[in-house]
Amino acid sequence: MNAFFNHHKNSIQFSYRCFDRILLNGLIQPFQQPERVLGFFNTYREGKRVTKRTLTEIADQFQYWLKNRSEKWGTPILDAPEGDDDESRRNKFVEEYFRHAKPNQVVAILKAREPARILIAIGGKDNDSPHLEYKQRWVNQYNFYVNDPRWGRMFVRMCPYLPFSARVCLNQHHWLAIRMAEEGIDFQQTTNAFLRCGNPVRLQELADSLTTRDLLQCGQKWLAAFTPFITDRERRQEGCQHRLFFSQVEYCDNLIFHHRAAVEELTQRLLDLNRNIGQPKKITTIFGRKVTREYKGKLQTVIEDLDLPNPVIRSHYGHGFAKQYVRDDRLLRTEPATNNVYDYGVNKNVENLPPLRNRMSEIIDNYHDVQQDVLETFIDRGQLRKLAEPTILPSGRRVPGLKLDHPRQLAVMHSLVRFANIAAGGRFTTADLYIPALDALDVTESQYSLASFRYDLSKLRAKGLVEKIPHSRRYRLVGKGYSICVAFLKLFEKIYAPLTAGLLAPFRGDRVLAEEKRCTLDRLYQHVCDDLDALLRAVGLKIAA
């Protein structure tokens, strides 16, 4: 159990972790090369030529089948609603169709024009031997919204053109609700969360019991039903069934607090501290990361939706992110998500579900641990003095100690405690840290060179707070490294800097501002400044100062 949970467990009613949204890509491997498509037609379609006319006929056959099935099922085919968040809009759009859904019922089919990789024949319609290629095209795709007996509400997106690419969207919260109902466990569900559970231990056991087989049984069942072109015999003999791969995965940790006030107070403290630690120049940015021309995503942490009741702390890394937010008043959710599981060192095939769950659970623990370091940071007695002393390395080299007010050192620490490093598994290169350090200092590369940055980083290495990973160019924080960096930053950002500013350059308007109109933090700072003035006058140092 992580430090964050242990510290706040008296305020937490219960907790659980599970996969939230699981998006799977489905592809038929024998149809991924044109030559294998030709071999399939030679073996199972009596050598029929794969021409432009043939490919058009296959798509038309799907349309005829879909119209027939729609009438037989009594299921409407509707145009998908458009908008910035298409999937969210679609989920709301089909809600009414799920209200009285029976098991194994297709409740609605949404048609939408979307990009897909399809097989095309280059040449005229009468060309019996065209050149076959795969191209990205915008085509009509069909989203089948299904009430599965084991997974509940889900959808399957099918492309009617060869090679019949598909997508399956599942949600473990619906799966868990069905499992708990089967076992007679009392619970309260609100869309993608449980706010009450009569047996939280069993809930977690069920969440951890999800296997690859559960994904495959559901996915392949519906993909076979929605791919009429392929027969059961062809699936068995030629392997012409969809294989499933992770496309997007969300894994969530849910802490349900006894009272709404407790979680609100906690999140406000986190938001306040995270605005100052990591990237003081931008209020909405906590921790940044270098983005090169080759990089196509975001590598930074931002506080989003500041104008809403429940802002989101979102940490971007690679093709995904980790986010933390409050939902349903009492639930604090921490949720890593990715569009490419390779970022977490896991292969895409669904057989890798157990290592993916373990890896994402580790990220949550790391995220919670560093959040607790931000909230409460303690240093052992005498450690501060030792950190300030020089270090003599075994080679005899003397490395200066750490100073509380050293700007370059604080800039290095700012770059070290970014949440992007945690999302990256706690590993980073000097290039990853260098640009954020420049931003924290507000200087250029000519004013603070990479060599100088490495020299400042070596001070933390000498103290055993940072280590170089063997046989690589990467580093990681070790021991109390994260806690020490956060302690230095908090002391400077929250104590020394504001008190010094209040003493040396106070705002004139503050002197006439009524105390009740000041925020609590400003009042406390002013009390410290007033008490220091009184102390100096009492010992006769006011005039000398």
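Here, every reference points to the structure presented above.
What this report covers is the structure whose coordinates are included nearby.

1. A look at the packing of helix 12 (residues 407-416) against helix 15 (residues 450-462)
So, point 1. Where helix 12 contacts helix 15, the two axes come as close as 10 Å, and the packing angle between them is 80°. Taken together, the axis directions place helix 12 and helix 15 in an arrangement best described as roughly perpendicular. Here Arg408, Val412, Met413, Ser415 and Leu416 of helix 12 come into contact with helix 15, specifically with Ser452, Phe453, Tyr455, Asp456, Leu457 and Leu460.

2. Section: the state of the cysteines
Each disulfide is one covalent bond, formed between the sulfur atoms of two cysteines.
So, point 1. Counting across every chain of the model gives 0 disulfides.
So, point 2. Of all cysteine sulfurs in the structure, the one in Cys18 sits closest to Cys252, which takes part in no disulfide; the separation is 4.1 Å.

3. Focus: the nonpolar core
So, point 1. Formed by 73 residues in total, the largest nonpolar core has its most connected members in Phe144 and Phe246.
So, point 2. Apart from the residues within four sequence positions on either side, Phe246 is in contact with Ile22, Leu23, Leu24, Leu215, Val341, Asn347, Lys348, Asn349, Val350, Asn352, Leu353 and Leu356.
So, point 3. Listed in part, the 27 residues of the second largest apolar core include Val370, Val417, Leu433 and Tyr482.

4. So, the packing of aromatic side chains
The geometry of an aromatic ring pair is captured by two quantities: the separation of the ring centres and the angle between the planes.
So, point 1. Tallying each qualifying case throughout the model produces 23 aromatic pairs.
So, point 2. Their ring planes at 40° and their centres at 6.2 Å tell us that Phe41 and Phe229 sit as a pair that is tilted. You can see Phe41 sitting in helix 2 (residues 34-44) and its partner Phe229 sitting in the loop between helix 7 (212-225) and helix 8 (232-238), a full 188 residues away along the chain.
So, point 3. Assessed through its relative accessible area of 3%, Phe41 is described here as buried.
So, point 4. Among the residues examined, Phe229 registers a relative accessible area of 13% and is labelled buried.
So, point 5. An angle of 40° between the planes, with centres 5.4 Å apart, marks the rings of Phe164 and Phe229 as tilted. Placement of Phe164 in the loop between strand 5 (152-158) and strand 6 (166-171) and of Phe229 in the loop between helix 7 and helix 8 is noted, with a sequence separation of 65 residues between them.

What counts and how
- Residues numbered from 1 in each chain as written.
- Predicted model: local features only at pLDDT ≥ 70, side-chain atom pairs only at ≥ 80, totals over all residues.
- Heavy atoms only, no water.
- Axes fitted to C-alpha atoms, helices over the stretch in contact; angles between N-to-C directions.
- Helix = DSSP H or I, 4+ residues; strand = E, 2+ residues; numbered from the N terminus.
- Parallel < 35°, antiparallel > 145°, perpendicular 65-115°, else oblique.
- Contact = heavy atoms within 4.5 Å.
- Disulfide = S-S within 2.5 Å.
- Core = buried A, V, L, I, M, F, W, Y, C linked by side-chain atoms within 4.5 Å.
- Buried < 20%, exposed > 50% of the residue type's maximum accessible area, 1.4 Å probe, protein only.
- Phe/Tyr/Trp six-rings, centres within 6.5 Å; stacked < 30°, edge-to-face > 60°.

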